[in-house]
Amino acid sequence: MCKGRDLPDAVIEAAVRHPVRAIRSALAENRHLDPSRLVPLATDPSGIVRYRLAGGPLPRPRRVRPLPDSILVTLLTARDGGEDGVVTEHEIVQELMFSRQIPPSFYRSMAGHEHPGLRIRAAREWQSLSPAHREALLDDPDPAVREAAQKGSWELDPEAVEAKLPSIGSLSKPFVLGRCALSPALVEQCFADGIVDPLTWNPHLPADAVARLARHPDARVREMAAARPDLRPEVVAELSRDPDEGVRSRARLHPFPRTWAEYAAIQRVRGHGPDCVCPIVEPATQPSPEWFASCATSGEPELRRAAATWPGLPAVLIDALAQDDDEEVRILLACHQPLAPPRLLLDVFITRPAHRPHLLTLSAFPHTGPAGLVSHPDPEVRALAAADPALPAPPVDDPDESVRRAAAANPGLSSQVLEALLSDPRTAEGAAANPSLPVHRMHALLDRCPNGGGKPAHDT
């Protein structure tokens, strides 16, 4: 009940201060609630509860809603791991860092925060900061902040990158070569060693190195270089006449002038395929609305795919892309666009099982209408149909557990039927997630929780 559904305000207030730790932990992982309602959990006496809040909803959705700044600040500046002593404050922060609940904008806003620990964390995200923020951190009154800024600034110091690279693990070296400022000697070494792939997307590369990539004997390298926004006109002309079709098409795909934000938007949709379930994250920078609109009407499918990922598209373009001939355009629109037509969401749900968990989290997904699919051979599709309020007799006896649970959560069930389902171990969880469950019944379930009035129970 506390984890798998939205809850009325009064129940949230009761659950967030419930004496049983397992109840508060379940609430911390609830993906249906506005995260602002979970602020008290950031200072919960239990470190386990804070750890669950830092980790975010489970199973982790593709698009994770960021936590409010107030929660992030509290978790990142905590001085203990809770009274239960199971986790440390550092482990809670580590879980938060991997949860994707910190938006890129947070670090920029923390660069001027009064708490020095947050300014130190901002300094560790050096390339996401503005030049003014970098300068201020290097001149910060706190010596620990200045030290963190000095350590963070190495990414844009070519000589420092060259000195540091030998000590960096082999798995991290491509990351460094692809995003840090490189010295001429290090660039030369990359070409000599044949390690040029990361250079093709490095935005700090000197112009002569960019030209070398565009004239590289490997067509795959030339194709990757052909998308760079910093190509000189004569190099663009050469690539548009390249003997390799892949290079020519990549050069013409994205007309000039280009920006790195546009380059990144295209890269995010290239070569993933229709069943890609990569995380949907907030980019550090976005192209202009006008660029996305022009992509939506482009004859190039990859540009239309990029447009489909932008949630700010006008309704007329959304309607057009929902009928696009390219299946990947339609799938990306369904997964990224809040105003995607419900019929498209349902079509993708039926035809592409990989996207079902994500589609079910979308507010526009049609939970009314699929009742006709109640006899579908796929149990996941039957479960969707079983939850349709228009279904006269939800299949609470279906042989598949997920279908029974969905049927028990059907808001069209009468209170008498719902009460019987709450008493049946096969359907109790679904019934507890039923949105028509009365508030007084929710409170009764909370009161029945083991040790509800005494010492917090242990959860795992």
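Just so it is clear, the structure is predicted and the values come from calculations on it, not from any experiment.

1. Brief notes about the environment of Gln 267
So, step 1. Mapped onto the elements of the fold, Gln 267 is located in helix α17 (residues 260–267).
So, step 2. The spacing of Gln 267 and Trp 201 is 66 residues in sequence and 9.9 Å in space, taken between C-alpha atoms.

2. Observations concerning the environment of Val 196
So, step 1. Position of Val 196 among the secondary structure elements: in the loop between α12 (184–193) and α13 (207–214).
So, step 2. When the C-alpha atoms of Val 196 and Gly 178 are compared, they prove to be 9.3 Å apart, with 18 residues separating the residues in sequence.
So, step 3. Apart from the residues lying within four places of it in its own chain, the contact partners of Val 196 are Cys 190, Phe 191, Leu 213, His 216 and Val 221.

3. A look at the side chain of Arg 404
So, step 1. Along the polypeptide, Arg 404 turns up in helix α25 (residues 401–408).
So, step 2. For the buried Arg 404, which has no salt bridge, the nearest side chain bearing the opposite charge is Glu 401, at an N-O separation of 5.2 Å.
So, step 3. With near-sequence residues (within four places) excluded, Arg 404 lies in contact with Pro 395, Val 396, Asp 397, Asp 398, Pro 399, Arg 426 and Thr 427.

4. Side note on the confidence of the model for the chain
Regions with low pLDDT carry predicted coordinates that are not meant to be interpreted in detail.
So, step 1. Mean pLDDT for the chain: 93, with 98% of residues reaching 70 or above.
So, step 2. Long-range and interchain partners of residues 452–460, a stretch whose pLDDT sits below 50, account for 16 contacts in this model, where long-range means more than four residues apart.

5. A word on the packing of helix α18 (residues 289–296) against helix α19 (residues 301–308)
So, step 1. Two elements in contact, α18 and α19, have axes separated by 7 Å at closest approach and are oriented at 130°. Here α18 is positioned oblique relative to α19, judged by the angle of their axes. With respect to the hand of their crossing, α18 and α19 are arranged in left-handed fashion. Contacts from Trp 291, Phe 292, Cys 295 and Ala 296 of α18 reach α19 at Leu 303, Arg 304, Ala 306 and Ala 307.
So, step 2. Partitioned by chemical class, the residues of the contact of α18 with α19 number seven nonpolar, no polar and one charged.

6. Notes on the packing of aromatic side chains
Within a pair of aromatic rings, the relevant descriptors are the distance that separates the centres and the angle that separates the planes.
So, step 1. Applying the stated criterion across every chain yields a total of five aromatic pairs.
So, step 2. Pairing Trp 260 with Tyr 263 gives two aromatic rings, centres 5.0 Å apart and planes at 75°, and the pair type is edge-to-face. Here Tyr 263 and Trp 260 lie together in helix α17, a separation of three residues that amounts to about one turn.
So, step 3. A relative accessible area of 9% places Tyr 263 in the buried class.
So, step 4. Residue placement shows Lys 164 over the ring face of Trp 154; its charged tip is 5.2 Å from the ring centre.
So, step 5. A cation sits over an aromatic face here: Arg 212 above Phe 191, 4.0 Å from the ring centre.

Cut-off values and rules
Residues numbered from 1 in each chain as written. Predicted model: local features only at pLDDT ≥ 70, side-chain atom pairs only at ≥ 80, totals over all residues. Heavy atoms only, no water. Helix = DSSP H or I, 4+ residues; strand = E, 2+ residues; numbered from the N terminus. Contact = heavy atoms within 4.5 Å. Buried < 20%, exposed > 50% of the residue type's maximum accessible area, 1.4 Å probe, protein only. Lys, Arg positive; Asp, Glu negative; His and termini not counted. Salt bridge = Lys/Arg side-chain N within 4 Å of Asp/Glu carboxyl O. pLDDT = per-residue confidence, 0-100. Axes fitted to C-alpha atoms, helices over the stretch in contact; angles between N-to-C directions. Parallel < 35°, antiparallel > 145°, perpendicular 65-115°, else oblique. Left-handed = near helix turned anticlockwise from the far one by under 90°. Nonpolar A, V, L, I, M, F, W, Y, C, P; charged D, E, K, R; others polar. Phe/Tyr/Trp six-rings, centres within 6.5 Å; stacked < 30°, edge-to-face > 60°. Lys NZ or Arg CZ within 6 Å of the ring centre and 35° of its normal.

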